[in-house]
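What follows is the residue order along each chain.
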Amino acid sequence: MNISGFIKKLKTKLNSDLNKEIDEDTLTKYDFGNIELYNNELNINNDLKEYINYIIIPYYQKNNPGKLNSKQYKFFKSTLTNSTITNAKEFQSVVIKYNPLYTEDDCFFANLKNYEAKYPEEANKFFNKILPFIIEQALKLPEYLTKPIPLLGKNMNIAITINKLQALSLLANQFLCIFTDENHEIYDTPPCSFITLFSPMKPSLDSTVEKIRTVIHYFDKMRKRNLEEIKSELLTYQRISLNKESLIDWKNQKKGLCSVRIDTETSIEDCKGMMQVDFANWYLGGGVLTNGCVQEEIRFTINPELFVSMIFTQCLDHLESAYIIGTERFSNYTGYGRTYAYGGDYDDNGTLFDNMNRKETEIVAIDATLFCTPGIPQYYEQFSNKSVMRELNKFYAGIKENKYSDLEKDIYIATGNWGCGAFNGNIELKALLQVIAASVVGKNIYYCPYDKTEFADQFGLLLKKLKKLHTTTDILFNYIEEYYSKVIQNLPKNSKPEVTLFNYILKNIENINNENNKKSEEEKV
Ligand code: AR6
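Residues numbered from 1 in each chain as written. Predicted model: local features only at pLDDT ≥ 70, side-chain atom pairs only at ≥ 80, totals over all residues. Heavy atoms only, no water.

(A) Just the packing of helix H17 (residues 427-441) against helix H18 (residues 453-468), in detail. Packing of H17 against H18 leaves a shortest axis separation of 11 Å and a crossing angle of 45 degrees. Put simply, H17 runs oblique to H18. The two elements H17 and H18 meet at a crossing, and its hand is right-handed. Across from Ile427, Glu428, Ala431, Leu432 and Val435 in H17, the residues of H18 making contact are Phe455, Gln458, Phe459 and Leu462. Split into classes, the residues belonging to the contact of H17 with H18 amount to seven nonpolar, one polar and one charged. (Axes fitted to C-alpha atoms, helices over the stretch in contact; angles between N-to-C directions. Helix = DSSP H or I, 4+ residues; strand = E, 2+ residues; numbered from the N terminus. Parallel < 35°, antiparallel > 145°, perpendicular 65-115°, else oblique. Left-handed = near helix turned anticlockwise from the far one by under 90°. Contact = heavy atoms within 4.5 Å. Nonpolar A, V, L, I, M, F, W, Y, C, P; charged D, E, K, R; others polar.)

(B) Quick peek at the packing of helix H9 (residues 164-175) against helix H12 (residues 206-223). Direction vectors running N to C along H9 and H12 enclose 140 degrees, while the axes themselves pass 12 Å from each other. Relative to H12, the element H9 is oriented oblique. The way H9 lies across H12 gives a crossing that is left-handed. Facing Lys164, Leu168, Leu171, Ala172 and Phe175 of H9, the residues of H12 in contact are Val215, Ile216, Tyr218, Phe219 and Met222. Taken together, the residues of the contact of H9 with H12 break down into nine nonpolar, no polar and one charged.

(C) Molecular detail of the nonpolar core. Counting residues in hydrophobic clusters, the biggest one holds 78 residues, and the most contacted among them are Phe91, Leu131, Phe175, Leu176, Phe219 and Tyr237. Considering each element in turn, this core owes the most residues, ten residues, to helix H7 (residues 120-139). By size, the runner-up hydrophobic cluster in this structure holds 59 residues, among which are Trp250, Tyr380, Tyr484 and Phe502. (Core = buried A, V, L, I, M, F, W, Y, C linked by side-chain atoms within 4.5 Å. Buried < 20%, exposed > 50% of the residue type's maximum accessible area, 1.4 Å probe, protein only.)

(D) Representation of the environment of Tyr340 in the model. With respect to the helices and strands, the residue Tyr340 is situated in the loop between strand E7 (331-334) and strand E8 (341-345). Tyr340 gets classed as buried once you look at its relative accessible area, which sits at 2%. Linking Tyr340 and Leu319, residues 21 residues apart in sequence, is a C-alpha distance of 32 Å. If we ignore the near neighbours within four places in the chain, the residues touching Tyr340 are Ser207, Glu210, Lys211, Thr214, Cys293, Ile298, Thr301, Ile302, Tyr333, Thr334 and Gly335.

Below you can see the structure in the form of structure tokens.
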């Protein structure tokens, strides 16, 4: 059943349960609550059980998802355990036995072959010691997870909590390409099989080989751990969907500006005890299983338990975000983009556990809008009311109060140039929108400018002035509207604005300041 069929069936069920007509908005409001899988049981409202149980993976029967497809499972098992795999070519031959879409062609698994050629010693250890562990853990899935995982689907407010052993097994299935990209086609979840990471899109990049190396380090580290201990640690994967009626009237919010700390030395992943923003794609993970290697992809690679979200999180809509609470960081890295490289082990013992025994690492995936590159006239449309509202609502979906979060209410949000790299957002606009949203929800911003240090100085200067004048969020919102109507909309065709948003605000603040000074001088006289 595809998602529209699923929603239709769900609606019919809710209609009959509540004995009244249900429209899309009511459905949006429906909170499916917490679904806990870590005891191998689904603790959810019984009425909804059959409607939620729909996602998952070849282990379960499609027409009866509560039941294990034991025939298929046996086939994976015999294929993987009856073969010796000592190199990438042999790995390829085994995978194509259960995945006939792939062939013996050299282009398949070429990145894994490059890994083998570049790091022969590591590859030797991988094939002899780590891969057998991956296979063993993948095949344990039916034992670890006796019920299929529900879809974190559109319009749902839903959270599932699994243990780290279940996550390990799920990730092992992704790695072995047992999970195909079929879910993507049926449920509109991100493609989650590692086949695309192993088999390069042109060009074949060193950074992709380094991503494989980084994930292998995760499995190597897990291999040496006590499995019972791993089982006691939990992870929450959550989807947040805003209800249209509860959206904020941004224009009329009169909130003082939140505290903004700018730290040019720190990256988001190093901001402990804070909510950490993932500059996400609407398909979680973005290009992590292909050639992508920017903020989101790097975060997934160094915290590999994030990959698991790709199995069951449907494409995000405008009013939605996703939380992943409890992932552990396993690796360091160097470089960025095409220069990305595995940087050795990262010891995450310093991160404590919360009261649910999850690592205190709360990552929130928020996908900004993808805009045209600067120079193309449509680039400036991001200043329009429609775009501004979309970004404010989207960021709000990520940072509003969350009952599954264990962080303090007035917490800092570790963020930065959200939407301003691959997605071409205007850095001045995006920084102010994040400040407005955080101020309205009563949280603070910990801004990591990363490579944009010059911008950081200007941002600090502007904030200082705004704070000195006790500027409130409505005034800031108003400046953005004015900038669009007075500067952007009056731009001659194909030209750039002469004044940036920050300078426009600074100029106007000066004017207001001068007028105020003049008034008080006059009053004195
Ligand atoms: N900490 C703080 N800032 C960072 C970090 C970091 N670790 N890494 C990068 N930046 P980008 P987007 C800064 O392009 O524009 C992915 O493919 C750096 O200045 O990753 O929202 C997703 O899957 C960088 O230029 O985010 C989406 O498809 C800027 O943050 C798409 O990219 C933006 O990082 C999202 O693109």
